[in-house]
Amino acid sequence: EISACLVGSEMCIRDSLTIALIGLAIIAFVSYNIYDIMFNPNTTFEDEEIIIYIETNSTYNDVRAKLEPYLTDISDFDALAKQKKYVANVKAGKYAIKRGMSNNDIINSIRSNNIPVRLSFNNQETIERLAGRISTQIEADSITLLKVMEDSSFLKKHNFNNATALGMYIPNSYEFFWNTSAEQFRDRMLKEYHRFWNETRLNKAKAINLTPEQVLIMASIVQKETAKADERARVAGVYMNRYKIGMLLQADPTVIYAIKKSTGDFDQVIKRVLYKDLELDSPYNTYKYVGLPPGLIAMPDISSIDAVLNYENHDYYYFVADVKNFGYHKFAKSLSQHNVNRQEYVNWINKQGVNR
């Protein structure tokens, strides 16, 4: 055989070169296919980017179903996902797929580029409504959120109860991952609560002889009394003047809250408190019971909380809506002056035909 090869050495070399070239061609072809699968664009949409949400405990098939409408070739994506072991390492979250991305880019994005969301809330009247609001912004549903937010052992451990639980959630904008669980949201809000109640605010609360819980309850009343942030410190001053001498707070918003709570209907709109409403026997009715109600009647803004902590020192004990400067109020030091202001308001609201 050796002699045969030596005799036909030129032919042997030619055959070897042919085999080598075929091998190189195969390698080039395979390499090109791998490159094509990994790095060539594989998107089919025209927008700059699309957002996909991958739920907790999703399988690869779940992710595949979300991506397929946006990819030119799903089989190429499958091949690379298996090679990069993404199939067994699906990550929940919010992800962006940009136009023109390759399979490699897409897999890297949905594996490690979980996009944070800006979660915000304010002006919620009840913990149930807060849970509903949060559920529109993160993965956790409202039922699960409400369950953990009302967990009695958690509330007791952190000195809250069902009436004051709403106060733990300081209205603001926060950064979360979309796949945040209900427990993670609640626990983060507790940290934000303690961060909000820093030494400065705690000292201010102590200086006016209120606990943080009492400040929040008072702030919820102020919040409902005026939408004007620049008037809140003055309104807070009126209620603090009454509170300090043991006078009935006589806050209409507490009566409205009592009506809604007693009927279970927080959707009803009550623009006018009637004399019969003042007889409602509820601990939230500050026309009947001295002091603060047992809980918040709404979620106060930070401006309302700080308005209580920095309430205006004055001699006003009464106020009523100013019909000549809508949104603001007229303040009075005496009941006689208040009655004059009040009659002006009653005359105006009667002309508007507001009966409820």
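Residue numbers here run from 1 along each chain, matching the order of that chain's written sequence. Whole-chain, interface and lining totals are the exception, using all residues; otherwise, since this is a predicted model, local features are given only for residues with pLDDT of at least 70 and side-chain atom pairs are given and counted only at 80 or more. For the side-chain quantities, the full set of heavy atoms in the structure was used; hydrogens and water were omitted.

What follows covers the confidence of the model for the protein. Per residue, pLDDT captures the predictor's confidence, and it can take any value from 0 to 100. Mean pLDDT over the protein stands at 91; residues scoring 70 or higher make up 88%. Should any heavy atoms of two residues lie within 4.5 Å, those residues are considered in contact. A low-confidence stretch, residues 28–32 (pLDDT under 50), is modelled with zero contacts involving residues beyond four sequence positions or located in other chains.

The buried label applies to any residue whose accessible area, calculated with a 1.4 Å probe on protein chains only, is under 20% of its type's maximum; exposed applies above 50%, and partly exposed to all values in between. We count a stretch as a helix when DSSP gives it H or I for four or more residues in a row; a strand needs E for two or more, and each element gets its number in order from the N terminus. Summarising burial for strand β2 (residues 93–98): five of the six residues are buried, a large majority. Bridge count for strand β1 (residues 49–54) against β2 is six bridges, and the pairing is antiparallel. Of the residues in β2, the one forming a bridge with Ile50 is Ile97. Two strands pair under a simple rule: DSSP has to find at least two bridges between them.

Let's shift gears to the nonpolar core. Generally speaking, a soluble globular protein has its nonpolar side chains buried in company with each other. Here, nonpolar core refers to any group of buried Ala, Val, Leu, Ile, Met, Phe, Trp, Tyr and Cys residues whose side-chain atoms link them within 4.5 Å. The biggest cluster of nonpolar side chains holds 61 residues, and the ones touching the most others in it are Phe121, Leu130, Tyr169, Phe185, Trp197, Ile305 and Val308. Among the elements that line this core, the one with the most residues is helix α11 (residues 212–225), at seven residues. Here Ile305 is in contact with Ile170, Phe196, Trp197, Val215, Leu216, Ala219 and Pro300, once residues within four sequence places are set aside. Core analysis: the next-biggest nonpolar cluster, separate from the first, contains 19 residues, Ile50, Leu80, Ile107 and Ile110 among them.

Definitions used throughout: a 1 Å grid over protein atoms alone; a cavity as a set of points that fits a 1.4 Å probe which cannot get out; a pocket as an open set with protein on both sides within 12 Å along at least five of seven lines; a lining residue as one with an atom within 4 Å of a point. Grid points are joined across faces, edges and corners, and a volume is the space filled by probe spheres set on the points. Empty space within the largest pocket amounts to approximately 1600 Å³. For the largest pocket, the lining is made up of 44 residues, of which Glu225, Asp252, Lys271, Ala321 and Tyr345 are closest to its centre. Contributions of two or more residues to the lining of the largest pocket are made by α11, α12 (232–244), α13 (252–263), β5 (318–321) and α15 (335–351). In terms of residue count, the dominant contributor to the lining of the largest pocket is α15 (eight residues). Asp, Glu, Lys and Arg are counted as charged, while Ala, Val, Leu, Ile, Met, Phe, Trp, Tyr, Cys and Pro are counted as nonpolar; the rest, among them Gly, fall into the polar class. Class assignment of the residues belonging to the lining of the largest pocket gives a composition of 26 nonpolar, seven polar and 11 charged. The space that makes up the second largest pocket amounts to roughly 220 Å³. Taken together, 13 residues form the lining of the second largest pocket, with Ile127, Glu128, Asn162, Tyr257 and Lys261 sitting closest to its centre. Listing elements by their share of the lining of the second largest pocket, those giving two or more residues are α6 (127–135) and α13. Partitioning the lining of the second largest pocket into residue classes produces seven nonpolar, two polar and four charged.

The next point concerns the side chain of Asp322. Locating Asp322 in the fold gives a position in the loop between β5 and β6 (329–332). Positive charges come from Lys and Arg alone, negative charges from Asp and Glu alone, with His and the N- and C-terminal ends not counted. The term salt bridge refers to a side-chain nitrogen of Lys or Arg lying within 4 Å of a carboxyl oxygen of Asp or Glu. No salt bridge forms around the buried Asp322; measuring N to O, its nearest opposite-charge neighbour Lys330 is 4.7 Å away. With near-sequence residues (within four places) excluded, Asp322 lies in contact with Tyr328, His329 and Lys330.

Turning to the pairing of strand β3 (residues 116–120), a few remarks are in order. Where burial is concerned, the two faces of β3 differ: the one with Val117 and Leu119 is buried and the one with Pro116, Arg118 and Ser120 is not. Relative to strand β4 (residues 173–177), β3 is paired through five bridges, and the arrangement is antiparallel. Residue Leu119 lies in a different strand from β4, and its bridge partner there is Tyr174.

Viewed as axis vectors pointing N to C, α11 and helix α14 (residues 302–309) meet at an angle of 115°, and their least axial separation amounts to 8 Å. The crossing of α11 and α14 is right-handed. Contacts between α11 and α14 involve Val215, Leu216, Met218, Ala219, Val222 and Gln223 on the former and, on the latter, Ser304, Ile305, Val308 and Leu309. Simply put, an axis is a line fit to the C-alpha atoms, just over the touching stretch for a helix, and the angle between two N-to-C directions goes from 0 to 180 degrees. Crossing handedness is read from the near helix: turned anticlockwise from the far helix by less than a right angle, it gives a left-handed crossing, and turned clockwise, a right-handed one.

Moving on: the packing of helix α4 (residues 74–83) against helix α5 (residues 103–112). Axis separation between α4 and α5 bottoms out at 10 Å; the angle between their running directions is 55°. One finds that α4 runs oblique with respect to α5. Pair α4 / α5 crosses with right-handed handedness. The residues of α5 that touch α4, namely those facing Asp76, Phe77, Leu80 and Ala81, are Asn103, Asn104, Ile106, Ile107 and Ile110. Across the contact of α4 with α5, the residue classes break down as six nonpolar, two polar and one charged. Throughout, the term roughly parallel applies to angles under 35 degrees, roughly antiparallel to angles over 145, roughly perpendicular to angles from 65 to 115, and oblique to all others.

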